[in-house]
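Residues per chain, in single letters:
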Amino acid sequence: MTALETDAQSWEQAGVRLEIDGDTATVTLCRPKQRNAQSPAMWRALAAVGQELPGTVRVVVLRAEGVSFSAGLDRAMFSPEGIPGEPNFLQLAAAEDKELDDAIAGFQEAFTWWRRPDLISIAAVQGHAVGAGFQLALGCDLRVVADDVQFSMKETSLGLVPDLAGTKPLTELVGYARALEICATGRWVGADEAVATGLANLAVPAAELEATVRDLAAALLAAPRNAVIETKALLQGAGGRSYDEQRSAERAAQARRLRDLAGIGD
């Protein structure tokens, strides 16, 4: 058994299954009886998956077993007993500033690697995607949703804020005013609104979700890898550049591509 296979067994115990088929990796949340409620152990597993993915992987599909993508944070963390072996919210609140900041930063690692430049990630979302579940879907580059999807950012109604790296992509996708309204009210966002506002790329009947994502992954793999990487980097950086700066970035990227295709690149 390889080290990756050994790691994969421990990740599955935490509710995360990794399967690799050539240049596509599928990451599955596999706690369907708990509606894929998330725990620090699941977050550690998700972060480790991102660190251990083979360099040959180009597309990562994030999916979930059962009727819900993820019901959000495991509510046991709110109880005095907490989750065995994990700090509960009272213990986190009592921690020193740096210790608390480090703890939250560690949690965020599960949500941040999905947009790295050498991959394209697709979240296949069905049923409820609440709080941490919503933010995990937001961590991906693309979202395909089933027609029964229900997104909700419930943190504010619990007296908290969304802190798992979801506020920036949400604002970029739907704009400040709508993002504020979604977060402050904690209301449900269904499939039609998700597509209309850009939160989701497309919505399909639940029975077609898996096949649709598979077709999208194949289409993404059809283009040369380095061209996709350069294009993704251009688009990711566009919001922070002026028009002229973006034009310059395009020229530099195209020069690299032309030289690479001509066999005279670095």
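Residues numbered from 1 in each chain as written. Predicted model: local features only at pLDDT ≥ 70, side-chain atom pairs only at ≥ 80, totals over all residues. Heavy atoms only, no water.

Visitor: For this particular structure, what's the right way to read the sheet that holds strand β2 (residues 24–29)?
Guide: In a beta sheet, neighbouring strands pair by backbone hydrogen bonds and run either parallel or antiparallel. Here six strands make up an open sheet; going across it, the order is β1-β2-β3-β4-β6-β9 and the pairing mixed. Of all the strands in the sheet, just β1 (16–21) and β9 (202–204) have a single pairing partner and so form its edges. Sheet twist, expressed as the average angle between the axes of neighbouring strands with direction ignored, equals 20°. Note that strand β4 (residues 120–125) and strand β6 (residues 142–146) share four bridges and pair parallel. Residue pairing across strands places V125 opposite V145, the latter belonging to β6. (Pairing = 2+ DSSP bridges. Helix = DSSP H or I, 4+ residues; strand = E, 2+ residues; numbered from the N terminus. Axes fitted to C-alpha atoms, helices over the stretch in contact; angles between N-to-C directions.)

Visitor: Where do I start with the pattern of salt bridges in this structure?
Guide: When charged atoms on two side chains of opposite charge get close, those side chains can pair. Taken as a whole and judged by the stated rule, the model has 15 salt bridges. D244 is the salt-bridge partner of R247, the closest N and O atoms lying 3.0 Å from each other. Of the two residues, R247 and D244 both sit in helix α11 (residues 243–261), three residues apart, roughly one turn of that helix. (Salt bridge = Lys/Arg side-chain N within 4 Å of Asp/Glu carboxyl O.)

Visitor: Looking at this structure, how should I read the packing of helix α2 (residues 40–52) against helix α4 (residues 97–112)?
Guide: For any two helices packed against each other, the geometry is given by the interaxial angle and the distance between the axes. Axis separation between α2 and α4 bottoms out at 8 Å; the angle between their running directions is 50°. By the angle between their axes, α2 is oblique relative to α4. Crossing of α2 against α4: the hand is left-handed. Seen from α2, the contacting residues are P40, W43, L46 and A47; seen from α4, they are F107, E109, A110 and F111. Here the contact of α2 with α4 is composed, by residue class, of seven nonpolar, no polar and one charged. (Parallel < 35°, antiparallel > 145°, perpendicular 65-115°, else oblique. Left-handed = near helix turned anticlockwise from the far one by under 90°. Contact = heavy atoms within 4.5 Å. Nonpolar A, V, L, I, M, F, W, Y, C, P; charged D, E, K, R; others polar.)

Visitor: Looking at this model, I keep getting lost on the sheet that holds strand β5 (residues 128–130). Mind explaining?
Guide: Spatial strand order, β5-β7-β8: three strands in an open sheet with mixed pairing. What marks the edges here is a single partner per strand, and that holds for β5 and β8 (189–190). Taken together, the two bridges between strand β7 (residues 150–152) and β8 define a ladder with antiparallel strand orientation. Across the sheet, residue Q150 finds its bridge partner in β8, namely G190.

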